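# Descriptive structure summary
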Amino acid sequence: MEKKENASKLISSLVALSLATTLGVPSIALAEATGNDGEATVTQQSTNEEAVAQEGAVKEVSTFTELKAAIDSAANGDTVKLLNDIELDQWLTIDADITLDLNGKTLSNAKDFWDVEDNSGNSMNSLIKTSGNVVITGNGAIRAKQDDCYAIDLVEGSLTIESGEIIGNVSAVQVQKGFLKITGGHFSQIQQSSYGDKYLINCIDAAWKDGSAKIAIAGGTFTRFDPAQSSSENPAAVFAAAGYTAVKSGDDYTVAWDESNAASIDSSDGIKYGYKTLDGAISAAGEGDTVTVLADTEVSSTASIDKNLVLDFGGKTVSFDDAGLDVGYQKPNTTLTLKNGTMNVTRWGIWLQNSAYLDVASDMTITANSAKSSSAYGIVVTQGSPLDMYGTVKTQETGAISGNGSVGLGNTTINVYPGANVIGEEGAIGIYHPQSGTLNIKGGTIKGDMGIQLCAGEGVVTEIEGDATIIGTGTDQRADKGTGDGVIPDGAAVSIVNRNYPGGTPLVNIKAGTFTSANQSAILAYDWANGAAAEWSASSAPATITGGTFSSEPDAGYIADGYEAAANGSNYVVQRIASIDPAPNPPPTTET
């Protein structure tokens, strides 16, 4: 029969490309990929196009004429919704960013479409050809006539298939260029041949090889076709997205999430990818992605962050058997947000450099212990990097937050917000600030053997949404310090030290807060040289105080003009001096 002859043409094209020109079969259909190594991480690369990013009109259609008119006139963001089964008089070309809602209905063809030319002389090979950013949903069907054509041909852009039955000949979906994303649906072919279902989901060879054709399958069922080991490409391709497995049952392979994944990426391309290790997820993530921890995890080595990321701990604990996250070393100006969990390290927790930015959310806790190093800083901030601290950081050595006073490592900005906890335990201090830059304490609790030690830069303690609480619990051990760099143990809540560091003389403006030292002055300022303390020698006062509560009376030279330190029980409160003005004369009275 004539139709069987057409089928033979289609099948033979798969075997020998040399027959394609003779038979008029589009050569794009049947090239074998010599593509990449088939790792699932290849499929997770994002495209610049976004699938239907805006909402638009909903166009309901009942006939082919209405359907074609709706698609031809569709604007980006529109939805075309079927109200009836529709038999196509000719193929559909979709070049806008739209959603095709099958609404439980079927699109099919009774006429031959394969190798039929349109008005422009283009040969067709499918019911639907897409070159926009298209979403297919609604759990209906796209059914090609037996022995005729593919169901869908993706020419460029992106195609996301969320549900429905997609039934084609040789291929249910072919990708010339662009990004095919499948999250649901059932895929099969109606044509029977000796070549089976090898090309059920297929890419063009050259495009697969150079990465311009991509496929990520994160759901759906495929008849006699394994998305995790597709022989449509050479070598065999892994179309299943990273973190998914293809489970065989009878003739069907169903793609499902692998529950053993340790971390996932909520990618900007709309697919959630899974990885067996946190390192693997961080390495595979793209710019702006969110990496989510799925289980309590142990990491053996430091992770380098070289892209803008959100790291969501998912309420879990990640334990590093070394230092934690190195941010900005490979890529300046990197941004990182940490939230919703606990991070434990045996050396330093996070190292910021090259203007890298870190945001620690209020539900995040970072703990550094000294199991492997005496340099167990919680967060180290250097080289122009900004830090916004809303959460908790704790350390057992040195400083919970620390800078570096060497030349070129300053110009940092550290902001501590209400609700934050910056804690030095077992001899450590809250914040050590030897570098140039600005320290803004806008609230929270800062506690340690010393709350804050400033050796350079400008520190500003301000009242925003509540007072800061700064506590020093240690004793004065300066006599044992020696001549080396690093923290000088003096026990103050706020210690201001002029030690001739490159960042300049430190200055502090205190407007509000509570400052408590168990064994030392709450605010302590001095010069330091050759391992010994001396009186403050700079011409400017080390502090200007206009508010706050102190466990010891602040030096009168630190209190701003018009303010005083008034005793309040065992504490002192700095407040504005109340002015005493004579009462004005009463207005004259008029007697009648």
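To be clear, the structure that these remarks concern was listed above.
Residues numbered from 1 in each chain as written. Predicted model: local features only at pLDDT ≥ 70, side-chain atom pairs only at ≥ 80, totals over all residues. Heavy atoms only, no water.

Secondary structure assignment for the protein chain yields six helices and 54 strands. The proportion of buried residues among the 592 residues of the protein chain is 53%. When contacts within the protein chain are restricted to residue pairs at least 6 apart in sequence, long-range pairs at least 24 apart make up 58% of them. Total accessible area on the protein chain is roughly 24100 Å²; 44% of this is exposed by carbon and sulfur atoms. (Helix = DSSP H or I, 4+ residues; strand = E, 2+ residues; numbered from the N terminus. Buried < 20%, exposed > 50% of the residue type's maximum accessible area, 1.4 Å probe, protein only. Contact = heavy atoms within 4.5 Å. Areas by Shrake-Rupley, 256 points an atom, 1.4 Å probe, with all protein chains shown as cover.)

Turning to the environment of Thr93, a few remarks are in order. As for its position among the elements, Thr93 is in strand E4 (residues 92-94). Owing to a relative accessible area of 38%, Thr93 belongs among the partly exposed residues under this scheme. With 36 residues separating them in the primary sequence, Thr93 and Lys129 have C-alpha atoms 4.8 Å apart. With residues up to four places along the chain from it excluded, the contact list for Thr93 reads Ile71, Asp72 and Lys129.

The next subject is the pattern of salt bridges. The full count for this structure, using the stated rule, is eleven salt bridges. The partner of Lys59 in a salt bridge is Asp78, with the nearest N and O atoms 3.8 Å apart. One end of the pair, Lys59, is in strand E1 (residues 58-61); the other, Asp78, is in the loop between helix H4 (64-72) and strand E2 (79-82), with 19 residues separating them in the sequence. Asp72 is the partner of Lys68 in a salt bridge, and the nearest nitrogen-oxygen pair spans 2.7 Å. Here Lys68 and its partner Asp72 are both found in helix H4, four residues apart, which amounts to about one turn of the helix. Look at Lys68 and you get partly exposed, because its relative accessible area is 25%. (Salt bridge = Lys/Arg side-chain N within 4 Å of Asp/Glu carboxyl O.)

What follows covers the sheet that holds strand E18 (residues 221-223). An order of E3-E6-E9-E12-E15-E18-E20-E19 is seen for the eight strands of this open sheet, with the pairing classed as mixed. Two strands bound the open sheet, and with one partner strand each, they are strand E3 (86-88) and strand E19 (244-249). Each neighbouring strand pair of the sheet contributes to a mean axis angle of 15 degrees, computed without reference to strand direction. The pairing of strand E9 (residues 141-143) with strand E12 (residues 165-168) spans three bridges and is parallel. Across the sheet, Ile142 pairs through a bridge with Ile166, a residue of E12. Where H4 meets the sheet, it contacts E3 and strand E6 (106-109), and its direction lies at approximately 70 degrees from that of E3. (Pairing = 2+ DSSP bridges. Axes fitted to C-alpha atoms, helices over the stretch in contact; angles between N-to-C directions.)

Turning to the environment of Asn411, a few remarks are in order. By secondary structure assignment, the location of Asn411 is in the loop between strand E37 (399-402) and strand E38 (412-416). Sequence-wise, Asn411 and Gly437 are 26 residues apart; in three dimensions their C-alpha atoms are separated by 4.2 Å. Discounting chain neighbours no more than four positions away, the residues touching Asn411 are Gly384, Ser385, Ser436 and Gly437.

Soluble, globular proteins show a tendency: their nonpolar side chains are buried together. Counting 136 residues, the largest nonpolar core has Ile201, Leu325 and Ile379 as its most contacted members. Beyond its immediate chain neighbours, meaning those up to four positions away, Ile201 contacts Val173, Leu180, Ile182, Phe187, Ile215, Phe222, Phe225, Ser230, Ser232 and Phe239. If you look at the next biggest cluster of nonpolar residues, it comprises twelve residues, including Ile429, Cys455, Ile488 and Trp528. (Core = buried A, V, L, I, M, F, W, Y, C linked by side-chain atoms within 4.5 Å.)

What the rule picks out here adds up to ten aromatic pairs. When the ring centre of Trp257 is taken as reference, the NZ or CZ atom of Lys272 above it lies at 4.5 Å. Above the plane of the ring of Tyr526 lies Arg478, whose end atom (NZ or CZ) is 4.5 Å from the centre. (Phe/Tyr/Trp six-rings, centres within 6.5 Å; stacked < 30°, edge-to-face > 60°. Lys NZ or Arg CZ within 6 Å of the ring centre and 35° of its normal.)

Position of Asp388 among the secondary structure elements: in strand E35 (residues 386-389). One buried charge, Asp388, has no salt-bridge partner; the nearest side chain with opposite charge is Lys442, at 6.7 Å. Beyond its immediate chain neighbours, meaning those up to four positions away, Asp388 contacts Tyr357, Leu358, Asp359, Val360, Asn415 and Tyr417. (Lys, Arg positive; Asp, Glu negative; His and termini not counted.)

Before going further, it helps to examine unusual backbone geometry. Even without glycine at this site, Ser355 takes up a positive phi of about 60 degrees. Checked against the element boundaries, Ser355 lands in the loop between strand E31 (350-352) and strand E32 (357-360). Backbone geometry at Asn411 places phi at a positive 60 degrees, although glycine is not the residue there.

Read these as geometric descriptors, not functional statements.
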